[in-house]
Amino acid sequence: MDDVVRMLEFPQKGDERGHLVIVEGMKDIPFEIKRIFYIYGSDQEVVRGQHANKESKFVLINVSGQSKVKVKDGKGNEAIFSLNRPHTGIYLPQMVWKDMYDFSEDSVLLCLASEHYNAAEYIRDYNEFVKIVNQ
Ligand code: TYD
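Residues numbered from 1 in each chain as written. Predicted model: local features only at pLDDT ≥ 70, side-chain atom pairs only at ≥ 80, totals over all residues. Heavy atoms only, no water.

### Some thoughts on the overall build of the protein
Assigned secondary structure in the protein consists of 1 helix and 10 strands. Helices and strands appear in the protein in the N-to-C order β-β-β-β-β-β-β-β-β-β-α. In terms of overall dimensions, the protein is globule-like: its C-alpha atoms have a radius of gyration of 15 Å, near the 14 Å expected for 135 residues. Classification of the 135 residues of the protein by burial places 40% in the buried group. The long-range fraction of contacts in the protein, counting pairs at least 24 apart against all pairs at least 6 apart in sequence, stands at 77%. Here the protein displays about 7,900 Å² of accessible surface, and carbon together with sulfur accounts for 47% of that area. Charge separation in the protein, taken as the distance between the mean sites of 17 positive and 21 negative side-chain charges, equals 4 Å. (Helix = DSSP H or I, 4+ residues; strand = E, 2+ residues; numbered from the N terminus. Rg over C-alpha atoms; globule rule 2.2 N^0.38 Å. Buried < 20%, exposed > 50% of the residue type's maximum accessible area, 1.4 Å probe, protein only. Contact = heavy atoms within 4.5 Å. Areas by Shrake-Rupley, 256 points an atom, 1.4 Å probe, with all protein chains shown as cover. Lys, Arg positive; Asp, Glu negative; His and termini not counted. Charge placed at Lys NZ, Arg CZ, Asp CG, Glu CD.)

### Section: the environment of F81
Mapped onto the elements, F81 comes out in strand β6 (residues 78-83). Note on F81: relative accessible area 18%, which makes it buried. Expressed as a C-alpha distance, the spacing of F81 and K68, which sit 13 residues apart in the sequence, is 5.6 Å. With residues up to four places along the chain from it excluded, the contact list for F81 reads V5, M7, S67, K68, V69, V71 and I90.

Printed below as a string of structure tokens:
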């Protein structure tokens, strides 16, 4: 499939003991996982993200609660995705501008990344992002 932003649904193996959701690199998501981090305790009015990445691909999963992700391609297209089910996530390829917001109080946003952290591959200036994608 094209390397585009899309929602992913993960396999579930829940039983009478509870839910179990599986996310395997290169199987359920289109990269090997090199890094995970998670975001919680963000107030409703907080906007996080606000950057694009030259190298890292991400999958974001609200394992608890909910949030929204607004994605922009820098060419005039944008879309908003609701993350509100622990067995679904959003896939974000490189060079996508993303804002995460509308965090519920119980939101725990799990982020899986294809690369180790490298501040140099983050674009944090929207105008610079637009310039790069349109050149
Ligand atoms: P930031 O990129 O602002 O988080 P978000 O995009 O989710 O709003 O990161 C906050 C701080 O944490 C910033 O100083 C960079 C640091 N950080 C790391 O050191 N490693 C990581 O993997 C991430 C995601 C952030």
